[in-house]
Amino acid sequence: MSAAALASETFRLAGSDAIRVGARTRRTLAAPGHPVLALVTLAGASAAAASVAAALTGDRLGAPGVQAALMAWITLAYVLSGAVAWSRRPGNALAPLMIAAGFGMFLSSLSTAGPAAPYTVGIAFDLLAAVLFVHVFLAFPDGRLAGTPERALVAAGYVTAFGLQLVGMALGGFGPDNLLAVAGAAQAASTLLHVQLLLLSALALGAIAVLTVRRRDSDRQMRPSVALLVHSFVIALLMLAFLYSSAALGLVSGQPVFETIRRATLFAIGLAPVAFLLGLLDARLARSAVGDLFVELRRSADLGPALARALRDSSLTLAHWVPEHEGWIDDDGRPLELPDGTGPTAATLVERDGRPVAALVHDASLREEPELLDAVAAAAAIALENAQLHAESETRLAELQASRQRIVAAGDAERRRIERDLHDGAQQRLVALALQLRLAQVQIRRDPTVAEELVTSATDQLTQSLQELRELARGIHPAALEYGLRSALESVASRATVPTRVTYDVPGYLPRPVELALYFVACEALANVAKYARATAASLRVWRSDTIVVIEIADDGVGGADASAGSGLRGLADRVEVLDGAMSIVSPPGGGTVIRAELPCA
């Protein structure tokens, strides 16, 4: 599968139930339709055109062309950037706020118009646009003010820029075209305006302080796209503070110098939405690079740095879930607490089949790029699962190799036992039997009585040899199974030294290898009961459930059985595992022993 196909599959999995990324519980705005976005864009273009017309047709500006271009630049930058952001991130409240700031700039630009009515509207909203810009800067990245200082600053800014502006207009400031004038206190209105400008300058400096504290409190490196935005915010706020304080205190002499500062400030304010659009483009390019992430993961097992590069977040940390301790650890095994999402960092939980697998601890601004975050988290889940499957396969391979070695060793030991039993038992008896028959042949004519005794002894030895050969053959392949597993198990239970109750509930046919495995499990388990358990009773149960047959041998003995302590139970486990089964032993000291084996029988 190609990298592009893998990326496409990852985006599909990110929305499925197989790999679930931690849900976001924040309330989101409704996604705007295409007609709404088209209407917003058209209104923004119309507002920019009206700003240009007001500046060019009025007689209040020395260089109306430059002023018109700057106001149109800001209006279009904020409205269009807000519309693009709203279409890409409908749940982000920053997009409508940017659109409002663009239209706020349009209303402010009406102060350059010649007629009294639009001029009055423009003066009323003249300072409000600056507060809207500060609101946008402080509400980044999700459009919501995070704490009390931010809310207090913005609230004070709106009161200063709009409330006190209306008071100044009512006092009779801003010339004869002010239609809201009700008094003739123009000097008082001028003083109030200077106070407003100083307060707004302090507001801009306070916003810079808030952004600085945010950066200082974060111990993580800022993402490049976010750093570009924050730096543009700081530059615009610094120039805004300098512009208002200069106007209030008369720090700059000469109208041309002041106009130059004013134009530079407006240009800097218009850079912020451009930086925001660059951030959106950066996120889109990052999403297109998810396929490259899979290629990189194939070449390298170092998952954390690869995810950090895909998310463009060098501060990313990969947290691993440890079920035994119900906690999180980092790549170095140190305990890790996941952030609650209220600070500069956030966590995205990755689950598999409803169980936590890992978590991505990342920059909080990535929550505004849910498609990228979900795709990379899905890729992380796939990579972690592949790593787990690889580790499990390596473990199973090691266990299989060890099991095969034990089976070979057990087979060699069994052959040596059979050879020893034949040599020491039946073979010796048959040799003795041959000697006795020769003696009987010699004595049959000399002393018939002695010959008869020799033949009788030979007959007894022959009977014993046959019995030993039967026992030996039973160990190689139990003849009792020829009459069925139930009969064989009842025969084993009847020979046990401890009273054993047999319960058999297996309808239908069982494969021959499964029957053999069940029989030997029963024989070994009951032999252990006789040797070690010191039990007074035992039970042997066999039942079938769908495609699994289960055998369970339980006793009321002293417990303490350990499969690793001897070769008998370990050999049984190997025999069961060869058939893709599983064997378990529960044997607490003093609590008896339960040996259970499950084997597929489909």
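Quick caveat, the model's predicted, so the values are computed rather than measured.

Colleague: Pulling in residues and values, what's your account of unusual backbone geometry?
Modeller: Its identity as a non-glycine residue notwithstanding, R534 has a phi of 55 degrees, on the positive side. At D546, a position not held by glycine, the phi torsion is positive, near 55 degrees. Position of D546 among the secondary structure elements: in the loop between β8 (538-545) and β9 (548-555). When its relative accessible area of 70% is taken as the criterion, D546 is described as exposed.

Colleague: Can you tell me about helix α2 (residues 34-57), naming the residues and giving the values?
Modeller: In a regular helix each residue adds 1.5 Å, so 24 residues correspond to 34 Å; α2 covers 34 Å between its end C-alpha atoms and thus fits that length. Within α2 the residues assigned to the buried category are L37, V40, G44, A47, A48, S51, A54 and A55. Among the structural elements, α3 (64-88) and α4 (94-109) are those in contact with the buried residues of α2.

Colleague: Tell me about the pattern of salt bridges, residues and numbers included.
Modeller: This structure, assessed with the given rule, holds 5 salt bridges. Notably, a salt bridge pairs E490 with R486, separated by 3.6 Å at the nearest N-O pair. You can see E490 and its partner R486 sitting in helix α15 (residues 485-495), 4 residues apart, about one turn around the helix. Judged by relative accessible area, E490 falls into the partly exposed class, the value being 38%.

Colleague: Describe the side chain of S587, listing the residues and the values that go with them.
Modeller: Mapped onto the secondary structure, S587 falls in the loop between β10 (582-586) and β11 (593-600). At 2.7 Å, the side chain of S587 forms a polar contact with the backbone nitrogen of A561.

Colleague: Go over the sheet that holds strand β7 (residues 500-505), please, and point to the residues and values.
Modeller: Strand pairs in the sheet, formed through backbone hydrogen bonds, run parallel or antiparallel to each other. The strand order across the open sheet built from 5 strands is β7-β8-β9-β11-β10, with neighbouring strands paired in mixed fashion. Two strands bound the open sheet, and with one partner strand each, they are β7 and β10. The mean inter-strand angle of the sheet, taken between neighbouring strand axes irrespective of direction, is 10 degrees. Running at roughly 10 degrees to β9, helix α16 (residues 512-533) makes contact with β7, β8, β9 and β11 of the sheet.

Colleague: Tell me about the packing of α15 against α16, and name the residues and values.
Modeller: In contact at an axis separation of 10 Å, α15 and α16 are set at 10 degrees when each is read in the N-to-C sense. Relative to α16, the element α15 is oriented roughly parallel. On α16, the residues touching L485, A488, L489, V492, A493 and R495 of α15 are E515, L518, Y519, A522, C523 and L526.

Colleague: Break down the packing of aromatic side chains for me, with residues and values.
Modeller: For the coordinates displayed, the defined rule picks out 3 aromatic pairs. Seen in terms of ring centroids, Y519 and F520 are 5.7 Å apart; in terms of plane orientation they differ by 75 degrees. Their pairing is edge-to-face. Take Y519 and F520: they sit in the same class, and that class is buried. Positioned above the aromatic ring of W543, the side-chain terminus of R541 is 4.2 Å from the ring centre.

Colleague: Go over the environment of L489, please, and point to the residues and values.
Modeller: Within the fold, L489 resides in helix α15. Discounting residues that sit within four places of it in the chain, L489 has contacts with V502, Y504, L518, Y519, A522, L540 and V542.

Colleague: Could you give me a rundown of the nonpolar core, with the residues and numbers involved?
Modeller: One finds Y78, L94, F133, F137, L138, L237 and Y244 to be the most contacted residues of the largest nonpolar core, which totals 54 residues. Among the secondary structure elements, those contributing two or more residues to this core are α2, α3, α4, α6 (128-139), α7 (148-170), α8 (186-217), α9 (224-249) and α10 (255-288). For this core, the leading source of residues is α6, giving 10 residues. Listed in part, the 32 residues of the second largest apolar core include L526, I553, L569 and I595.

Colleague: How would you explain the pairing of β10 if you had to name every residue and give the values?
Modeller: Inspection of the sheet shows β10 paired to β11 by 5 bridges, in the antiparallel sense. Residue pairing in the sheet places A582 in a bridge with E598 of β11. Where β10 folds back on β11, the antiparallel hairpin that results is connected by 6 residues, among which G590 adopts a positive phi of roughly 80 degrees.

Colleague: Go over the pairing of β9 with me, naming the residues and quoting the values.
Modeller: Along β9, 7 of the 8 residues are buried, which leaves the element largely enclosed by surrounding structure. Where β8 lies against β9, 8 bridges are found, and the strand directions are antiparallel. Each residue of the ladder has a partner; that of W543, found in β9, is V550. Hairpin remark: β8 followed by β9, antiparallel, with 2 residues in the connecting loop; positive phi at D546, about 55 degrees. Examined bridge by bridge, β9 and β11 share 8 bridges and lie antiparallel to one another. Its bridge partner lying in β11, A554 is registered against V594.

Colleague: Describe α4, listing the residues and the values that go with them.
Modeller: Residues three or four positions apart in an α-helix share a direction because the helix packs 3.6 residues into each turn. For α4, spanning 16 residues, the distance from its first C-alpha to its last is 23 Å, which sits close to the expected 22 Å at 1.5 Å a residue. Buried residues dominate α4, accounting for 12 of its 16 residues. Listed in full, the buried residues belonging to α4 are L94, A95, L97, M98, I99, A101, G102, G104, M105, F106, S108 and S109.

Colleague: Explain the environment of A189 to me, and be specific about the residues and the numbers.
Modeller: Tracing the sequence through the fold places A189 in helix α8. Residue A189 is classed as buried on the basis of its relative accessible area of 3%. Placed 25 residues apart in sequence, A189 and L164 show a C-alpha to C-alpha distance of 9.6 Å.

Colleague: Please set out the environment of V195 residue by residue, giving values where relevant.
Modeller: In this fold, V195 is placed in helix α8. Here V195 falls in the partly exposed class, since its relative accessible area comes to 39%. Note: C-alpha distance between V195 and T160 (35 residues apart in sequence) is 9.0 Å.

Colleague: Break down the confidence of the model for the protein for me, with residues and values.
Modeller: When pLDDT is averaged across the protein, the result is 75; 65% of the residues are at 70 or more. This stretch, residues 1-28, has a pLDDT under 50; its non-local contacts, to residues over four places away or in other chains, come to 51 contacts.

Colleague: Any details on the packing of α6 against α7? Residues and values, ideally.
Modeller: Following both chains from N to C, one finds α6 and α7 inclined at 170 degrees, their axes separated by 8 Å at the closest point. In terms of axis orientation, α6 runs roughly antiparallel to α7. Counted together, L128, V131, L132, H135 and L138 of α6 and E150, L153, V154, G157, Y158, A161 and F162 of α7 form the full contact between these two elements. When grouped by side-chain class, the residues that make up the contact of α6 with α7 number 9 nonpolar, 2 polar and 1 charged.

The rules behind the values
- Residues numbered from 1 in each chain as written.
- Predicted model: local features only at pLDDT ≥ 70, side-chain atom pairs only at ≥ 80, totals over all residues.
- Heavy atoms only, no water.
- Helix = DSSP H or I, 4+ residues; strand = E, 2+ residues; numbered from the N terminus.
- Buried < 20%, exposed > 50% of the residue type's maximum accessible area, 1.4 Å probe, protein only.
- Expected span 1.5 Å × (residues − 1).
- Contact = heavy atoms within 4.5 Å.
- Salt bridge = Lys/Arg side-chain N within 4 Å of Asp/Glu carboxyl O.
- Polar contact = N/O pair within 3.5 Å; in protein donor to acceptor, adjacent residues only side chain to side chain.
- Pairing = 2+ DSSP bridges.
- Axes fitted to C-alpha atoms, helices over the stretch in contact; angles between N-to-C directions.
- Parallel < 35°, antiparallel > 145°, perpendicular 65-115°, else oblique.
- Phe/Tyr/Trp six-rings, centres within 6.5 Å; stacked < 30°, edge-to-face > 60°.
- Lys NZ or Arg CZ within 6 Å of the ring centre and 35° of its normal.
- Core = buried A, V, L, I, M, F, W, Y, C linked by side-chain atoms within 4.5 Å.
- pLDDT = per-residue confidence, 0-100.
- Nonpolar A, V, L, I, M, F, W, Y, C, P; charged D, E, K, R; others polar.

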